[in-house]
Amino acid sequence: MTRLSLGRTTMTIVQVAGAALSFRLDWSQNHLLNPLWHPHAKFHGALLLFMLTGVAATSLWSMWRLSREPQVAVRMAALLSLAFWTPLFYITSVLPGSTSWAGAANADPRITGSIVTPNLVVALGFTIVNLTVLWMARDGDAGARERARQASAAHAAS
């Protein structure tokens, strides 16, 4: 299996799993269906889920269509996925009063004194996979740039 096909397959799993798991976990009593949530917060939560699904579907289409630069689509899918998963690590720092924990107040899970919620563990897993795919796809971009440079030089010489 080539790096490109491994990256495409991996990103397909990441995109489908990310959208499906987000709906499965967030369309629940402790998130969007929680009667304590403000109706507008529910609206934004659902909006985010549907946007994630649309971005995942667009990424899948981009990666699996015929293209002269398929590695660009794989990198784009990884970057879009990172754009969703990495804010989970800093939202609570930039939005005072927010929390990554959906359970009872003051019952957040901790490891060695630090809050470690399940969604952050999931986000870390997706982030590691996405960064790995980006790292794997780097040679493909360099090869494409070199071929483009050679084609441009050959065209200029003629």
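The preceding data block contains the structure.
On a predicted model such as this, the values are computed, not experimentally measured, just so you know.

**Student:** Kindly report on the overall build of the protein, identifying the contributing residues and their values.
**Tutor:** Within the protein, the regular secondary structure consists of five helices and two strands. From first element to last, N terminus to C terminus, the protein shows the α and β order α-α-α-α-β-β-α. Computed over its C-alpha atoms, the radius of gyration of the protein comes to 20 Å, more than 25% above the 15 Å expected for a compact globule of 158 residues. The principal-axis extent of the C-alpha atoms belonging to the protein is close to 70 × 35 × 30 Å. In the protein, which comprises 158 residues, the proportion classed as buried is 28%. Intrachain contacts of the protein at a sequence separation of at least 6 include 66% that bridge at least 24 residues. In the form shown here, the protein has an accessible surface area of approximately 10,200 Å², with 69% of it arising from carbon and sulfur atoms. Of the charged side chains in the protein, 12 are positive and 6 negative, and the gap between their average positions amounts to 4 Å.

**Student:** Summarise the pattern of salt bridges; cite the residues concerned and give the values.
**Tutor:** In this structure the tally under the stated criterion is one salt bridge. For Asp108, the salt bridge identified is with Arg110, shortest N-O distance 3.6 Å. For Asp108, a relative accessible area of 18% translates into the label buried.

**Student:** Got a sec to walk through helix α2 (residues 39-64)? Specific residues and values, please.
**Tutor:** Because each turn of an α-helix spans 3.6 residues, side chains separated by three or four positions end up pointing in the same direction. The terminal C-alpha atoms of α2 lie 38 Å apart, and with 26 residues this matches the ideal 38 Å at 1.5 Å per residue to within 8%. Within the span of α2, buried status applies to Ala46, Leu49, Leu52, Ala56, Ser59, Ser62 and Met63. Check the buried side of α2 and you find it contacts α1 (3-26) and α3 (70-85).

**Student:** How would you summarise the nonpolar core if you had to cite specific residues and measurements?
**Tutor:** One finds Met11, Met63, Val74, Ala78, Trp85 and Val133 to be the most contacted residues of the largest nonpolar core, which totals 15 residues. Contributions of two or more residues to this core are made by α1, α2, α3 and α5 (118-157). Apart from residues no more than four positions distant in its own chain, Trp85 is found in contact with Gly18, Ser22, Val122, Ala123, Phe126, Thr127 and Asn130.

**Student:** Account for a nonpolar patch on the surface, naming residues and giving values.
**Tutor:** Among the surface-exposed residues, Phe89, Tyr90, Ile91, Val94, Leu95, Leu124 and Ile128 lie close enough to one another that they form a single nonpolar patch of about 660 Å² accessible area. Elements that contribute at least two residues to the nonpolar patch include exactly α4 (91-94) and α5. Mapping Leu95 onto the fold places it in the loop between α4 and β1 (110-111). Residue Leu95 is classed as partly exposed on the basis of its relative accessible area of 48%.

**Student:** Pulling in residues and values, what's your account of the packing of aromatic side chains?
**Tutor:** For any two aromatic rings, the description comes down to two numbers: the centre-to-centre distance and the angle of the planes. Inspection of the entire model under this criterion finds five aromatic pairs. Plain terms: the ring middles of Phe23 and Trp27 are 5.8 Å apart, the flat faces sit at 20° to each other, and that makes the pair stacked. Since its relative accessible area comes to 22%, Phe23 is described here as partly exposed. We classify Trp27 as partly exposed; its relative accessible area is 39%. Each residue in the set Phe23, Trp27 and Phe50 is aromatic and connected to the rest through ring pairs, giving one cluster. Looking at Arg8, its charged tip hangs above the ring of Trp64, at a distance of 4.9 Å from the centre. For the cation-ring pair, Arg65 lies above Trp61, with the distance from its terminal atom to the ring centre recorded as 5.2 Å.

What counts and how
- Residues numbered from 1 in each chain as written.
- Predicted model: local features only at pLDDT ≥ 70, side-chain atom pairs only at ≥ 80, totals over all residues.
- Heavy atoms only, no water.
- Helix = DSSP H or I, 4+ residues; strand = E, 2+ residues; numbered from the N terminus.
- Rg over C-alpha atoms; globule rule 2.2 N^0.38 Å.
- Buried < 20%, exposed > 50% of the residue type's maximum accessible area, 1.4 Å probe, protein only.
- Contact = heavy atoms within 4.5 Å.
- Areas by Shrake-Rupley, 256 points an atom, 1.4 Å probe, with all protein chains shown as cover.
- Lys, Arg positive; Asp, Glu negative; His and termini not counted.
- Charge placed at Lys NZ, Arg CZ, Asp CG, Glu CD.
- Salt bridge = Lys/Arg side-chain N within 4 Å of Asp/Glu carboxyl O.
- Expected span 1.5 Å × (residues − 1).
- Core = buried A, V, L, I, M, F, W, Y, C linked by side-chain atoms within 4.5 Å.
- Patch = residues over 30% accessible without salt bridge, like charges linked within 9 Å, V, L, I, M, F, W, Y side chains within 5 Å.
- Phe/Tyr/Trp six-rings, centres within 6.5 Å; stacked < 30°, edge-to-face > 60°.
- Lys NZ or Arg CZ within 6 Å of the ring centre and 35° of its normal.

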